[in-house]
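A structural walkthrough
Residues per chain are reported as follows:
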Amino acid sequence: MLKTQQEKIEQLQHLRQDSSSSLVETPTSYADMQETPKSEPPSSQRSAAEQKFSKLVKNMEERSKARERSRQERDERQRRITEERLAKIEAEEEDKLRKEQEEKKRKLEELKEKKLIEKKKQLEKESEDRAYQENMKKAEAFYKKYAVRCYGLKPWKKYVEGIHASMRIAERFHNLCVLRRMIRGWSSYSREMNRERNERANEFYRKYLVRHSFHCWTIYRNHQFIEEEKAERFYLIGLRKKAFTVWLALTQDEKIASWEKERIAKEHNTKRMVKNAFREWKWLPIEVKREREKEKRMAELRKRVQSLLPDFGTGTSSTDAS
């Protein structure tokens, strides 16, 4: 852009030099002025100079309009590039958020499926435990009947005490197993929750970094736009000063050239008037001689008419008197 503006200034300077050289051109000798006696009047020269000046002003206005259009196109192009960049960044951000949401949904679905599987296993284990307990009850009832029928009351008491002791041990073992399962499930659940919390914290930190970087980028972009606008405004002010100085010099040169042409035209006009006066003075004796010959012929004609018509003189005298 700076190169184009400098080229335009150089073209304007060349145009000023060409116009000044073309306006300063005058006839080279007095003989040339004598060869062209009927020169162009100063009013036409003024109109030609005014036309050239108006043409120059029009060209300058057209160039300023072209610069304004180019500046508007450049601003529009920069705005379009900025909008495209913002749209691209927003699309990338939306794509990233969509992927993250899909990943969260997938993880939640996997977690639900895992919980469903664990729940099914737990139900199966509970059904197995219930079946086992029922079988144990049936076996115990059968064994009681068998012991009562086969061994009597004392061995049956010992057997019942042993069964109670084994039941207590079994219950303790079962409680330990249940407690182990609960602790294992609680530990897996706590690990899963910690993992999710860590993932959420990392995700929030990534989003905060992206938001912070985008905010910093917008601040930098705005600062860059402001600096570019200041530089462009400073450049336009300098360019306007240069253009006005060149235009002022051009107008002064044009004014000086028009004064010089007016002076040359006045000198040429005075020379033309003197030449015409000398030409008329040269032809004056011939014109006087022609007038005298004309008067002489008129007198002779009057004499001839008077000789032919005696009353001609009285009539003409009376008419002259009247």
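Computed from a predicted structure; not experimentally measured. What you see as residue numbers is a count from 1 along each chain, following the sequence as written. Owing to the predicted nature of the model, reporting of local features is limited to residues with pLDDT of at least 70; listing and counting of side-chain atom pairs is limited to 80 or more, with chain, interface and lining totals taken over all residues. Computation of side-chain values covers all heavy atoms of the structure but excludes hydrogens and water.

1. Quick look at the overall build of the protein chain
Filter applied, for reference: Helix and strand assignments come from DSSP, with helices taken as H or I runs of at least 4 residues and strands as E runs of at least 2, each series counted from the N terminus. Relative accessible area decides the class of each residue, using a 1.4 Å probe on protein chains only: under 20% of the type maximum gives buried, over 50% gives exposed, and in between gives partly exposed. Contacts are assigned to residue pairs that have any heavy atoms within 4.5 Å of one another. For the accessible areas, the method is Shrake-Rupley and the probe is 1.4 Å, while residue cover comes only from the protein chains on display.
Broken down by element type, the protein chain carries five helices and zero strands. Along the protein chain, helices (α) and strands (β) appear in the sequence α-α-α-α-α when read from the amino end. Counting across all 322 residues of the protein chain, residues that qualify as buried make up 11%. Long-range pairs, those at least 24 residues apart, make up 86% of the contacts in the protein chain with a sequence separation of at least 6. Carbon and sulfur atoms make up 58% of the accessible area of the protein chain, which totals about 27,400 Å².

2. Details of the pattern of salt bridges
Proximity of charged atoms lets side chains of opposite charge pair with each other. The cut-off we apply is this: Salt bridges are counted wherever a side-chain nitrogen of Lys or Arg sits within 4 Å of a carboxyl oxygen of Asp or Glu.
The full count for this structure, using the stated rule, is 17 salt bridges. One salt bridge in this structure joins Asp75 and Arg71, with 3.2 Å as the shortest N-O distance. One end of the pair is Asp75 and the other is Arg71, both in helix α3 (residues 42-150) and four residues apart, which spans about a single turn. Taking the relative accessible area as the measure of exposure, Asp75 reaches 29% and is therefore partly exposed. Of the charged contacts in the structure, one is a salt bridge between Arg106 and Glu110, with a shortest N-O distance of 2.6 Å.

3. Here's the deal with the packing of aromatic side chains
Filter applied, for reference: Only the six-membered ring of Trp is used, alongside the rings of Phe and Tyr, when aromatic pairs are assigned; centres must lie within 6.5 Å, and planes under 30 degrees apart are stacked while those over 60 apart are edge-to-face, with the rest tilted.
In the structure shown here, the tally under the stated rule is two aromatic pairs. Between Phe244 and Trp247 the ring centres are 6.4 Å apart and the planes differ by 80°, which places this aromatic pair in the edge-to-face class. One end of the pair is Phe244 and the other is Trp247, both in helix α4 (residues 153-308) and three residues apart, which spans about a single turn.

4. A word on a nonpolar patch on the surface
Our working rule: By definition, no residue in a patch forms a salt bridge, and every one has over 30% relative accessible area; like charges are joined within 9 Å, nonpolar side chains (Val, Leu, Ile, Met, Phe, Trp, Tyr) within 5 Å.
Judged by side-chain polarity, Phe204, Tyr205, Tyr208 and Leu209 come together as a nonpolar surface patch covering roughly 460 Å² of accessible area. Topologically, Tyr208 is positioned in helix α4. Of the residues examined, Tyr208 reaches a relative accessible area of 44% and is grouped as partly exposed.

5. Digging into the confidence of the model for the protein chain
The line we're drawing: Per-residue confidence from the predictor is reported as pLDDT, a score between 0 and 100.
Residue-level pLDDT values for the protein chain average 79, and 79% of them are 70 or greater. Taken element by element, the protein chain is modelled with least confidence in helix α2 (residues 30-35), mean pLDDT 38, and with most confidence in α4, mean pLDDT 87. Considering only residues more than four positions removed or in separate chains, one finds that residues 19-41, a stretch of pLDDT under 50, has 19 contacts. Within the model, the stretch residues 315-322 combines pLDDT values under 50 with zero contacts to residues more than four positions away or in other chains.

6. A short note on a positive patch on the surface
Basically, it comes down to this: The positive count covers Lys and Arg only, the negative count covers Asp and Glu only, and His and the chain ends enter neither. Note on charges: their place is set at NZ of Lys, CZ of Arg, CG of Asp or CD of Glu.
A contiguous patch of positive charge, built from Lys121, Lys125, Arg180, Arg181 and Arg184, is present on the exposed surface. With three residues, α4 is the single largest residue contributor to the positive patch.

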